[in-house]
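Residues per chain, in single letters:
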Amino acid sequence: MIKHTLRAVGRALSVGLRCSSDISGGELIDEWTNSSHLTQQASLYVHWPYCLRRCSYCNFNKYISRENNDHMMTECLQRETETLLQLSQVSCITSVFFGGGTPSLAHPSTIAAVLESVSRQANLSDKAEVTLEVNPTPAGKSKLEDFSRAGVNRFSIGVQSLQDEDLNILGRDHSSHQALKTIEEARNVCPGRVSVDVMFGRPKQSVESWEKELSELLRVCDDHVSLYQLTLERGTQLFRQVQGGEVTVPAEDVTAEMYQCARRTLHQHGFLQYEVSNFARHNAVSHHNMSYWKGRQYIGVGPGAHGRFAPLGEGGVLREARTQTLEPDVWIREVRQRGHGTRRRIQLGHLELLEEVLVMGMRMTEGIDHKHWELFSPQLSLSEVFGTSTDVQEWLQSGRLVLDDRGLRCSWDGLALLDSMLPALLVELERQIRQRLPRDPHSDGQTKKTSNP
Amino acid sequence: MSFCLVKRWCEAPLLRRVLQLKMCVRKIQNNNMTFTLLRHRWMKRLPVFSSSVKAISTQTDKGTIDLSKFPVDRIRNFCIIAHIDHGKSTLADRLLEMTGAIAKTEKNKQVLDKLQVERERGITVKAQTASLFYSHQGQQHLLNLIDTPGHVDFSYEVSRSISACQGVLLIVDANQGVQAQTVANFYLAFEAQLAIIPVINKIDLKNADPERVESQIEKVFDIPGEECIRISAKLGTNVEKVLQAIVDRIPPPVASIDDPFKALVFDSNFDHYRGVVANIAVFGGRVRKGDRIVSAHLGKTYEVNELGLLRPDEHPTQKLFAGQVGYLIAGMKDVKEAQIGDTLYLQEQPVEALPGFKPAKAMVFAGMYPMDQSEYPGLRSAVERLTLNDSSVTVQRDSSLALGAGFRLGFLGLLHMEVFNQRLEQEYNASVIVTAPTVPYKAILSSAKLIKEHGSEEITIVNPAQFPDRSVVSEYLEPMVLGTILTPDSFTGKIMTLCLNRRAVQKNMVYIDSQRVMMKYLFPLNEIVVDFYDVLKSLSSGYASFDYENAGYQAADLIKMDFLLNGRPVEELTTIVHRDRAYSTGKAMCERLKDSIPRQMFEIAVQAAIGSKIIARETIKAYRKNVLAKCYGGDITRKMKLLKKQAEGKKKMRLIGSVEVPKDAFINVLKRKDK
């Protein structure tokens, strides 16, 4: 309680001009037209690398911790947050996301400490979205209240499935009953700000069982749902099982049907799809995730975290793609030695930045509007870049793409096939940029590997 | 001095003595005589001259050899023929060691097989030659071992090597017995009327059954079992008997030193510094440094720069005489100038060319393309360098819409092609895409206009794009081969079914002993070029052996098959096929195409068509969903990398209508199946 108060004071003290407290998260920037403002704010991603066990489908950067080093992790997460905030010179952090790993394994005080560090360096509005990923175990559930007190105001719950048998195959450490209980508790703590993650395309799943599961989920869920098709990643146990024929996953036609069916069902229940895998009602979109898709700056803290920001603090003007050291012990050592564990820095040239803006922007149902594009590409409009492509013309005619006075976006059908269209869009973008802006000094990225003593 | 010579050769016929005298006169004219004769006298004084092979050879290694002291009747030209792995090269090693041509060490393994691929595969590709000095019954003999390629792909080269010989050692493994290649090689030697010495090798093996092999040899080749020499080349057992048999049973060459110079080119190599090195067998007269010679095939004149013996390394001499075998360098810049089977003669004494010369005829064609077009210059120079050494490869520049610039190469046969490809990769480090092999078809034209255009009624079709329409053709022809299969009789049923499926006609079937069967089939070459040998080997657990020889052309019901993607033909896949095989080939290729073309946003029909008739179809379903599930901050880098790769790949796609076909798809469909 004391800590919480302190943090609130800290935040209030550092409230700046650009980030007044009545603005929630990412809405502000859309009204800006000057791209220099892009570098003045960022979202923050904090990676908690530990899990209790390995899920059979997961290839994320996670470690099964051998001993309790919470104290050291806390200290280093704080330290790196401070270093990188300083480096970025952002005046405002628009949202914070604690991901993992299993960040709900972290002590709530760790979350509070990191948020305090943020508040010391930049504006962090009280209303800024602060999300924590939660594993729906009894232990996770019991800490939700404390997390909320530490400053978390949104929970993303990794339900994955409501079938116990499936949870078992996926290697999850919770039951469907525990998941339902956790959702209930989270909705009590943060009403209207709870998201649930579910997976489809799971071993042995059928369209019918998926429909049933979905309607069960809709009875208990809050205002946000993320639906992910199970992706078989190399190196995972599930990948090997499927390769070896021990486990079968539904065919592509079946998963496509599951996706379409879920989109329809959610729509009927008032959930609007705003991204390939994300649905919200009552406008409960994830502002943090929206800022990725809108091409805004983000700072990644923690082992293996990714970031995209311009290091104004050391005189850099170009946005960089930055990756932190993957392995927690090494990362800890580096943070202690030099304040951060940035392992790789790649400068993004003009073309590369536009490529990311395109690829991420097209994932949203609203697509890329003209103003948004202009922010990154003041010289070449969306129509100038894509208007003459025969592929684009074909997709406009076949109703997969829309290019109108709002901007460029996928149709309902087109969104499911986005990855079949992106390569052609990228080819066209590169062609137009090279043709029309031939002397772009920043068109090629440069890699800087941070020396690692 | 002339007197010495005459005395030395007093046992030779008068004619030859006169000849020697004549020669001396010549030598004097050339200021060579003193040296030659001194050498001769020195040798004559040697007490060990005719008793120790070793001593002689060691001495001769030190200086120039006087070949004039080997009259024709002390010369034996022979080659060794055998099925793969029956021990030809090991016997050659022993013969070389025992006659002192090479030192006797453990390392002498396949000394004559110089190429990496030869040693790896245990086959001989390039014929190597070695002159051996052997003393027998007080007389020194010059034994010329002409090593031949062991495979009938090189049957023309084998036949030329054989025509430089009077006898062969026919080696048969005491364990495996007579195999397909033994039979094929035997007939080549038999038809050339050579003395055949059967040698049963590997008698030291535990499972050796020389009696059984002897009876096979009696049965198949009609050679009395007593004539077989049982040896172990590995241990050297009875190899001396082989040397004796060479002298006793093989007749000397019929060649007269009186005749004008006449030599057969039975092999040629390219040396980067000296140009073409031709291996020759002198059939008449003699040749020496400075002579002006002519190649009968091209009619070009050259001056002899260097000549000598091969022991097996080059050993320069002043002259080569009738009956002898050696090498000759005469400023030829291209192996095509010294083609195998060609005749060489002196400019001032033209002779009739030796019979049997045929320019190399390619029987199997395959496209070779660089993996990446930027590697084209590298591939080109590698192909050029390799073909410098192998005049039997025909090279045509080719370009495919899918695979870019490359070559269409013609080979003598399948093994030849594989060996070439392997050498390309091993010796020149070139990685190549090899398309499925095709054979040269022929068409008899019926249209007077076309006949005039082509200058002949019969045309050869190497590229399916040139396949003339049925309406202007009276008959299509396909190349045939006579295949010999030897197998344990338990597999005959399966093998007969296989052959039947390959449109083969059985010509003959005999039991060569109580368990082994020899079958002869007439095959369309096209039916065996891709995987016949592999299938045969696998259905007989490796026991059946196969060999073939060309058997001319036969009329065949050939058709051109097109492949369509959503109705648009894919030029590079057009194939000539026998009507009976159209459906199975068409279906197989459609399936391979289906597996190689990624799904797209629309459905793709993959069809095989003959004219306007579709005979096979596969469907590539449209993508219903293709979008990454999760794409957040930490996923962008990886996602961008993947998309950029796809975008790059897209630039290299071949567009058939609106269907994007990756280059890999063509490679998968066109390349030979991996074994």
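About the thresholds
Residues numbered from 1 in each chain as written. Chains lettered and ligands numbered in written order. Predicted model: local features only at pLDDT ≥ 70, side-chain atom pairs only at ≥ 80, totals over all residues. Heavy atoms only, no water. Helix = DSSP H or I, 4+ residues; strand = E, 2+ residues; numbered from the N terminus. Buried < 20%, exposed > 50% of the residue type's maximum accessible area, 1.4 Å probe, protein only. Contact = heavy atoms within 4.5 Å. Phe/Tyr/Trp six-rings, centres within 6.5 Å; stacked < 30°, edge-to-face > 60°. Axes fitted to C-alpha atoms, helices over the stretch in contact; angles between N-to-C directions. Parallel < 35°, antiparallel > 145°, perpendicular 65-115°, else oblique. Nonpolar A, V, L, I, M, F, W, Y, C, P; charged D, E, K, R; others polar. Pairing = 2+ DSSP bridges. Buried area = accessible area lost by both parts, 1.4 Å probe. Salt bridge = Lys/Arg side-chain N within 4 Å of Asp/Glu carboxyl O. Polar contact = N/O pair within 3.5 Å; in protein donor to acceptor, adjacent residues only side chain to side chain. Expected span 1.5 Å × (residues − 1). Patch = residues over 30% accessible without salt bridge, like charges linked within 9 Å, V, L, I, M, F, W, Y side chains within 5 Å. Areas by Shrake-Rupley, 256 points an atom, 1.4 Å probe, with all protein chains shown as cover. Lys, Arg positive; Asp, Glu negative; His and termini not counted. Charge placed at Lys NZ, Arg CZ, Asp CG, Glu CD. Core = buried A, V, L, I, M, F, W, Y, C linked by side-chain atoms within 4.5 Å. pLDDT = per-residue confidence, 0-100. Arc of directions from axis to C-beta. 1 Å grid on protein atoms, 1.4 Å probe; cavity = no way out; pocket = protein on both sides within 12 Å on 5 of 7 lines; lining within 4 Å. Points joined across faces, edges and corners; volume = space filled by probe spheres on them. Left-handed = near helix turned anticlockwise from the far one by under 90°.

## A short note on the overall build of chain A
And then number 1: Scanning chain A from N- to C-terminus turns up 17 helices and 18 strands.
And then number 2: Of all 453 residues assigned to chain A, the portion counted as buried reaches 59%.
And then number 3: Look at the contacts in chain A between residues 6 or more apart in sequence, and 73% of them connect residues 24 or more apart.

## Examining the packing of aromatic side chains
Ring pairs (aromatic) are described by centroid distance and by the angle formed between their planes.
Residues and elements named next belong to chain B.
And then number 1: On inspection of all chains with the given rule, the structure shows 22 aromatic pairs over all chains.
And then number 2: Taken together, a centroid distance of 5.5 Å and an interplanar angle of 35° make the contact between Phe70 and Phe133 tilted. Taken together, the positions of Phe70 in the loop between α4 (53–62) and β1 (75–82) and Phe133 in strand β2 (residues 129–136) put the pair 63 residues apart, joining distant regions of the chain. Here Phe70 matches Phe133 in class, with each residue buried.
And then number 3: A network of ring pairs unites the aromatic residues Tyr521, Phe523, Phe532, Phe546 and Tyr548 as a single cluster.

## With respect to the packing of helix α12 (residues 350–361) of chain A against helix α18 (residues 636–651) of chain B
And then number 1: Their axes nearest at 11 Å, the elements α12 of chain A and α18 of chain B cross at an angle of 100°. Classed by the angle they form, the pair α12 of chain A and α18 of chain B counts as roughly perpendicular. Note on element contacts: α18 of chain B touches α12 of chain A through Ile636, Lys639, Met640, Leu643 and Lys644 of chain B, opposite Glu355, Glu356, Val359 and Met360 of chain A.
And then number 2: Split by residue class, the contact of α12 of chain A with α18 of chain B holds five nonpolar, no polar and four charged.

## Thoughts on the sheet that holds strand β17 (residues 364–370) of chain B
All names here are of chain B.
And then number 1: If you trace the four strands from one edge of the open sheet to the other, you get β18-β19-β17-β20, paired in antiparallel fashion. Single-partner strands in this sheet number two, and they are β18 (394–400) and β20 (432–434). Across the sheet, the mean angle from the axis of one strand to that of its neighbour is 30°, orientation sign disregarded.
And then number 2: Judged from the five bridges that link them, β17 and strand β19 (residues 404–411) form a sheet pairing that is antiparallel. Directly across from Gly367, in β19, lies its bridge partner Arg408.
And then number 3: Lying on the sheet, helix α11 (residues 376–388) is in contact with β17, β18, β19 and β20; it crosses β19 at an angle near 15°.

## Points about the interface of chain A and chain B
And then number 1: With 46 residues of chain A at the interface, the matching set in chain B holds 28 residues.
And then number 2: Interface area, chain A with chain B, both sides summed: about 3500 Å², of which 56% is carbon and sulfur.
And then number 3: Considering only the surface of chain A that becomes buried against chain B, Glu252, Asp253 and Asp419 of chain A emerge as the three largest contributors, covering 16% of it.
And then number 4: Remark: the boundary between chain A and chain B carries eight salt bridges.
And then number 5: The closest approach of N and O atoms between Lys621 of chain B and Asp253 of chain A, which form a salt bridge, is 3.0 Å.
And then number 6: Linking chain A to chain B there are 20 residue pairs in polar contact (both at pLDDT 80 or more).
And then number 7: Those elements that provide at least two residues to the side of chain A that touches chain B are β8 (224–229), α9 (252–268), α10 (287–293), β12 (306–309), α12, α15 (390–397) and α17 (418–436) of chain A.

## Brief notes about α12 of chain A
And then number 1: Here α12 of chain A is twelve residues long and its end C-alpha atoms lie 16 Å apart, about the 16 Å a rise of 1.5 Å per residue gives.
And then number 2: His350, Leu351, Leu353, Leu354, Glu355, Glu356, Val357, Leu358, Val359, Met360 and Gly361 of chain A are the residues of α12 of chain A that are buried.

## Focus on the sheet that holds strand β3 (residues 139–146) of chain B
All names here are of chain B.
And then number 1: Spatial ordering of the open sheet is given by β2-β3-β1-β4-β5-β6, a layout of six strands whose pairing is mixed. Taken across any chain shown, the strands that pair with only one partner, and hence form the sheet edges, are β2 and β6 (229–230).
And then number 2: Packed onto the sheet, helix α5 (residues 88–98) meets β1, β2, β3 and β4 (167–173) and runs at close to 150° relative to β1.

## Here's the deal with the side chain of Thr99 of chain B
All names here are of chain B.
And then number 1: Along the chain, Thr99 falls in the loop between α5 and α6 (116–121).
And then number 2: Owing to a relative accessible area of 0%, Thr99 belongs among the buried residues under this scheme.
And then number 3: Here the side chain of Thr99 touches Leu95 through a polar contact of 2.8 Å, landing on its backbone oxygen.
And then number 4: Only 3.3 Å separates the side chain of Thr99 from the backbone oxygen of Leu96, close enough to count as a polar contact.

## Quick look at a negative patch on the surface
And then number 1: On the surface, Glu218, Asp222, Glu226 and Glu227 of chain B cluster together into a patch of negative charge.
And then number 2: Mapped onto the secondary structure, Asp222 of chain B falls in the loop between α9 (210–221) and β6.

## Here we look at the nonpolar core
And then number 1: Grouped together as the largest cluster of nonpolar side chains are 122 residues, with contacts concentrated most on Ile93, Phe155, Leu227, Ile299, Leu358, Trp373 and Phe386 of chain A.
And then number 2: With nine residues, the top contributor of residues to this core is α17 of chain A.
And then number 3: Within the second largest apolar cluster, 53 residues are counted, among which are Ile461, Val481, Ile485 and Tyr548 of chain B.

## Here we look at the environment of Gln260 of chain A
And then number 1: For Gln260 of chain A, the position within the fold is in helix α9.
And then number 2: What makes Gln260 of chain A buried here is its relative accessible area of 13%.
And then number 3: With 153 residues separating them in the primary sequence, Gln260 of chain A and Asp413 of chain A have C-alpha atoms 9.1 Å apart.
And then number 4: For Gln260 of chain A, the contacting residues outside a window of four places in its chain are Trp412 and Ala416 of chain A together with Arg624 of chain B.

## Quick word on the side chain of Arg263 of chain A
Residue and element names in this part refer to chain A.
And then number 1: Looking at where Arg263 falls in the secondary structure, it is placed in helix α9.
And then number 2: Buried within the structure, Arg263 lacks any salt-bridge partner; Asp413 is the closest side chain of opposite charge, at an N-O distance of 5.8 Å.
And then number 3: Apart from the residues lying within four places of it in its own chain, the contact partners of Arg263 are Gln273, Phe279, Trp412, Leu415 and Ala416.

## What to know about the confidence of the model for chain B
Residues and elements named next belong to chain B.
And then number 1: Residues of chain B with pLDDT of at least 70 account for 84%, and the chain-wide mean is 81.
And then number 2: Taken together, the stretch residues 1–63 has pLDDT below 50 and engages in 85 contacts with residues farther than four places along the chain or on a different chain.
And then number 3: Both scores are available for the predicted complex, with the pTM at 0.65 and the ipTM at 0.90.

## As for the pairing of β4 of chain B
Residues and elements named next belong to chain B.
And then number 1: Judged by how many residues are buried, β4 sits mostly within the fold: seven of seven residues are covered.
And then number 2: Neither face of β4 is open: one carries Gly167, Leu169, Ile171 and Asp173, the other Val168, Leu170 and Val172, and all of them are buried.
And then number 3: Inspection of the sheet shows β1 paired to β4 by five bridges, in the parallel sense. Across the sheet, the residue bridging to Ile81 is Leu170, located in β4.
And then number 4: As paired elements, β4 and strand β5 (residues 195–201) share seven bridges and run parallel to each other. When the bridges of β5 are listed, Val168 appears paired with Ile196.

## A word on helix α6 (residues 176–189) of chain A
Residues and elements named next belong to chain A.
And then number 1: With 14 residues, α6 should reach 20 Å at 1.5 Å per residue; the first-to-last C-alpha distance of 20 Å fits that figure.
And then number 2: Considered for burial, the residues of α6 that qualify are Ser176, Ala179, Thr182, Ile183, Ala186 and Val189. On an axial view of α6, the arc spanned by its buried residues comes to 135°, and they lie on one face. Away from its buried face by more than 90 degrees, α6 exposes His177 and Asn188.

## Some words on the pattern of salt bridges
Side chains carrying opposite charge are able to pair once their charged atoms draw close together.
And then number 1: A complete count under the given rule lists 54 salt bridges over all chains for this structure.
And then number 2: For Arg336 of chain A, the salt bridge is made with Glu75 of chain A, and the minimal N-O distance between the two is 3.2 Å. Here Arg336 of chain A, found in helix α11 (residues 328–338), pairs with Glu75 of chain A, found in helix α2 (residues 70–88); they are 261 residues apart in sequence, far enough to count as distant.
And then number 3: Classification of Arg336 of chain A by relative accessible area gives partly exposed; the value is 41%.
And then number 4: Salt-bridge contacts for Arg581 of chain B lead to Glu527 of chain B; the nearest nitrogen and oxygen are separated by 3.1 Å. With Arg581 of chain B in the loop between β29 (575–578) and α17 (582–596) and Glu527 of chain B in helix α15 (residues 525–528), this residue pair connects regions lying 54 residues apart in the sequence.
And then number 5: Residue classification places Glu527 of chain B among the buried positions, given a relative accessible area of 4%.
And then number 6: In the salt-bridge network here, residues are joined through shared partners; they are Glu252 and Asp253 of chain A together with Arg599 and Lys621 of chain B.

## With respect to the layout of surface pockets
Residue and element names in this part refer to chain B.
And then number 1: One number sums up the size of the second largest pocket: a volume of about 1200 Å³.
And then number 2: Lining the second largest pocket are 45 residues; nearest its centre among them are Ala436, Pro437, Thr438, Thr575 and Met589.
And then number 3: For the lining of the second largest pocket, the elements supplying multiple residues, two or more each, are β18, α15, β29, α17 and α19 (663–670).
And then number 4: Considering only residue class, the lining of the second largest pocket consists of 20 nonpolar, eleven polar and 14 charged.

## Description of the packing of helix α14 (residues 492–501) of chain B against helix α16 (residues 532–539) of chain B
All names here are of chain B.
And then number 1: Packing of α14 against α16 leaves a shortest axis separation of 10 Å and a crossing angle of 160°. Considering their axes alone, α14 and α16 lie roughly antiparallel with respect to each other. The element α14 and its partner α16 pack so that their crossing is right-handed. In this structure, α14 contributes Lys494, Ile495, Leu498 and Cys499 to the contact, and α16 contributes Phe532, Val535, Leu536 and Leu539.
And then number 2: Of the residues belonging to the contact of α14 with α16, the class tally is seven nonpolar, no polar and one charged.

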